[in-house]
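Residues per chain are reported as follows:
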Amino acid sequence: MCFVKSKIAEDFINDEEIKKTIEFAELNKNNKDLINETIKKAEKIKGLSHKEALLLLLCELEEENLRIFKLAEKIKDLIYGKRIVLFAPLYISNFCVNGCSYCPYCFEKNKIKRVKLTQEEIKEQVKILSEMGHKRIALEAGEDNKNCSMEYILNSIESIYSVKDKNNEQAIRRINVNIAATTEENYKKLKLKNIGTYVLFQETYNKKSYEKFHKFGPKSNYEFHTTAIDRAIKAGLYDVGLGILLGLENYKYDFTGLLMHKEHLEANFKIGPHTISVPRIKPANEIDVNNFKNIVPDEIFLKIVACFRIAAPYTGIIMSTRENEKIRKRSLEVGVSQISAGSSTGVGGYSKKEKFENSEQFETSDKRSLNEVIKWLLKLGRIPSFCTACYRKNRIGESFMEFSKSGEIKKFCTPNALLTLQEFLQNFADNETKKLGENLILKEFKNLKETKIKENATKFLEKIKNKEKQDLFF
Ligand code: SAM
């Protein structure tokens, strides 16, 4: 029995229900009628349950699989248009007391250099990111209360927000935070620091596997980790991000688990996840991916992205530079709405100083600069966006969902994306990117439908171009 509203992890992520769901989907993966009925339901763009979504994920019928991918593309286009949001990770400390066997931060591993940035070093990193053109970052840290306390994290957030860019405006406009599960009290402190999304990957929803991969340290407590998002929401962090580390457990289990987690949040708080992340295990210092028997091949990985898109149409899907250009390109078509670019996974990694060498969490595959990624997106006909408007206008949690489900949000998203793109082009782009971007802005402005918004957006664009003011948004 699965108790979606229960506050106990093993009730709302119920092992028996997940196993039954997998059994059902395996049994019906060639059941044409049932699959077609489910696709029809998905075409209403109201999402799917974990059971329906897994059925589509496991479907083995060629024609139906084509329809599933086409539908994911259609939903992506309809809800997100051509926009792709960009961000970069910022690693501030890799001290860690946990025993996660897939991560080089693991306490027992000693090949990486342990580093914790000072507040001055953090500001230096932010300046470098800002000079690339970034406006959004994901703050990353290992878990170690002594070397990386909550107070240190809170001070770091203040330091990041305090940095000014070359136009003397706040350099970073949104900090998403990916730090270890913590208490409601600590989440309240994060809320007071005005963070964007609080992101916490479950890694795996399978309790037995979870305990196998997390041998010691606070993170080894499955119950505390799995209920963390509940505490974050109770503390007022209404934008929350879920994720699974693909490669640990059988993907069918974790795909289903994540959707059950989503259902639990919706049932209790009327808030679904703001984002879903789909990292795959990557090689790293002392981490050999060949030791993981559940590595997910590319075709299945892309189908996972497509089925998350169909199951949770209004949830952003994030893809990092763990993936290469080819996979990222296809993922953008079938569901991904946010990507990182120009990333370093090393602590202090953006300044390329010797003292920070050998501190990376994992190897990246897409090593292109932010400018190169923007150019690539423009050539693909996408609109690169640095927009941070929603959370700054308090369109978060339930109100964000209502706003986006009614379609209201779309009126603002494209102009906001274009305005932030203009800022990037004039401040950070090379000539080719600038030309491509300006042509796209011209074309997209013509397509804006809401007269009042178009009028104001045109005024904003002029102000940005004339350097009268940056950071204008709806
Ligand atoms: N300490 C925080 C926690 O426990 O959630 C932050 C986690 S870490 C900075 C961000 C994420 O990187 C982890 O949640 C994990 O999913 C992922 N990760 C760790 N090792 C990895 C590897 N070898 N390859 C790919 N991703 C990895």
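This text follows the structure it describes.
Let me begin by describing the structure that accompanies this report. Here the structure is a predicted model, which means the values were calculated and not measured. (Residues numbered from 1 in each chain as written. Predicted model: local features only at pLDDT ≥ 70, side-chain atom pairs only at ≥ 80, totals over all residues.)

1. Thoughts on the overall build of the protein chain
Broken down by element type, the protein chain carries 20 helices and nine strands. Radius of gyration (C-alpha) of the protein chain: 21 Å, near the 23 Å computed for a compact globule of 474 residues. With the principal axes as the frame, the protein chain shows a C-alpha extent of 60 × 50 × 40 Å. Counting only residues that meet the buried cut, the protein chain has 52% of its 474 residues in that class. By sequence separation, contacts in the protein chain at least 24 residues apart represent 76% of the contacts at least 6 residues apart. (Helix = DSSP H or I, 4+ residues; strand = E, 2+ residues; numbered from the N terminus. Rg over C-alpha atoms; globule rule 2.2 N^0.38 Å. Buried ≥ 20, exposed ≤ 12 C-beta atoms within 10 Å, placed from the backbone. Contact = placed C-beta atoms within 7 Å.)

2. A few points about the pairing of strand E2 (residues 136-141)
Of all six residues in E2, five are buried, a share of seventy percent or more. Pairing of strand E1 (residues 83-93) with E2 involves five bridges; the strand directions are parallel. Pairing of Leu 90 across the sheet is with Leu 139, part of E2. A crossover links E1 with its parallel partner E2, the connecting element being helix H6 (residues 119-132), and its sense is right-handed. Bridge count for E2 against strand E3 (residues 174-178) is five bridges, and the pairing is parallel. Directly across from Arg 136, in E3, lies its bridge partner Arg 174. (Pairing = 2+ DSSP bridges. Right-handed = clockwise from strand over helix to strand, strands pointing away.)

3. Considering the site of the ligand
The local shell around the ligand holds 21 residues, among which Cys 103, Phe 201, Leu 245, Lys 282 and Phe 362 are the closest. When grouped by side-chain class, the residues that make up the shell around the ligand number twelve nonpolar, three polar and six charged. (Near = placed C-beta within 6 Å. Nonpolar A, V, L, I, M, F, W, Y, C, P; charged D, E, K, R; others polar.)

4. Things to note about the packing of helix H18 (residues 410-428) against helix H20 (residues 451-465)
Axis separation between H18 and H20 bottoms out at 10 Å; the angle between their running directions is 10°. Of the possible angle classes, the one that applies to H18 and H20 is roughly parallel. The interaxial crossing formed by H18 with H20 has right-handed handedness. Residues Lys 411, Pro 415, Leu 419, Gln 422, Glu 423 and Gln 426 of H18 pack against Ile 453, Ala 457, Phe 460, Leu 461, Ile 464 and Lys 465 of H20. (Axes fitted to C-alpha atoms, helices over the stretch in contact; angles between N-to-C directions. Parallel < 35°, antiparallel > 145°, perpendicular 65-115°, else oblique. Left-handed = near helix turned anticlockwise from the far one by under 90°.)

5. A look at H20
Between its terminal C-alpha atoms H20 stretches 21 Å, which fits the 21 Å expected from 15 residues at 1.5 Å a residue. Within the sequence span of H20, burial applies to Ala 457, Phe 460 and Ile 464. Seen along its axis, H20 keeps its buried residues to an arc of 60°; they face one direction. Pointing more than 90 degrees away from the buried face of H20 are the exposed residues Thr 451, Lys 452, Glu 455, Lys 459 and Glu 462. Immediately beyond the C-terminal end of H20, within one or two residues, lies Lys 467, with a positive phi of roughly 60°. (Expected span 1.5 Å × (residues − 1). Arc of directions from axis to C-beta.)

6. Overview of the packing of helix H3 (residues 32-42) against helix H5 (residues 62-80)
Look at H3 against H5: their axes get within 11 Å of each other, and the N-to-C directions meet at 10°. By the angle class used here, H3 and H5 are roughly parallel. Together, Ile 35, Asn 36, Ile 39 and Ala 42 of H3 and Glu 64, Arg 67, Ile 68 and Leu 71 of H5 make up the contact between the two elements. Within the contact of H3 with H5, the residues separate by chemical class into five nonpolar, one polar and two charged.

7. Some words on the nonpolar core
In terms of nonpolar packing, the biggest core is built from 145 residues, with Ile 137 and Ile 310 touching the most fellow members. Not counting residues within four places of it along the chain, the set of residues in contact with Ile 137 comprises Phe 87, Ala 88, Pro 89, Leu 90, Leu 129, Ile 160, Ile 172 and Ile 175. (Core = buried A, V, L, I, M, F, W, Y, C linked by C-beta atoms within 7 Å.)

8. Comments concerning the environment of Ile 137
Its location among the elements puts Ile 137 in strand E2. Judged by the 24 C-beta atoms lying within 10 Å of it, Ile 137 falls in the buried class.

9. A word on the environment of Ile 22
Structurally, Ile 22 is set in helix H2 (residues 15-28). What makes Ile 22 partly exposed here is the crowd of 18 C-beta atoms within 10 Å. C-alpha of Ile 22 to C-alpha of Lys 252: the two residues are 230 residues apart in sequence and 6.9 Å apart in space.

10. Some details on the pairing of E3
Burial analysis of E3 places four of its five residues in the buried class, which makes it a mostly covered element. Handedness of the β-α-β unit built from E2, helix H7 (residues 150-162) and E3 comes out right-handed.

11. Let's talk about unusual backbone geometry
Of note, the phi angle at Ile 45 is positive, near 60°, even though the residue is not glycine. Relative to the assigned elements, Ile 45 resides in the loop between H3 and helix H4 (50-58). Positive phi, close to 55°, is recorded for Asp 471, a residue that is not glycine. Of note, Asp 471 is situated in the segment after H20.

Treat this as a map of the structure, not an account of what it does.
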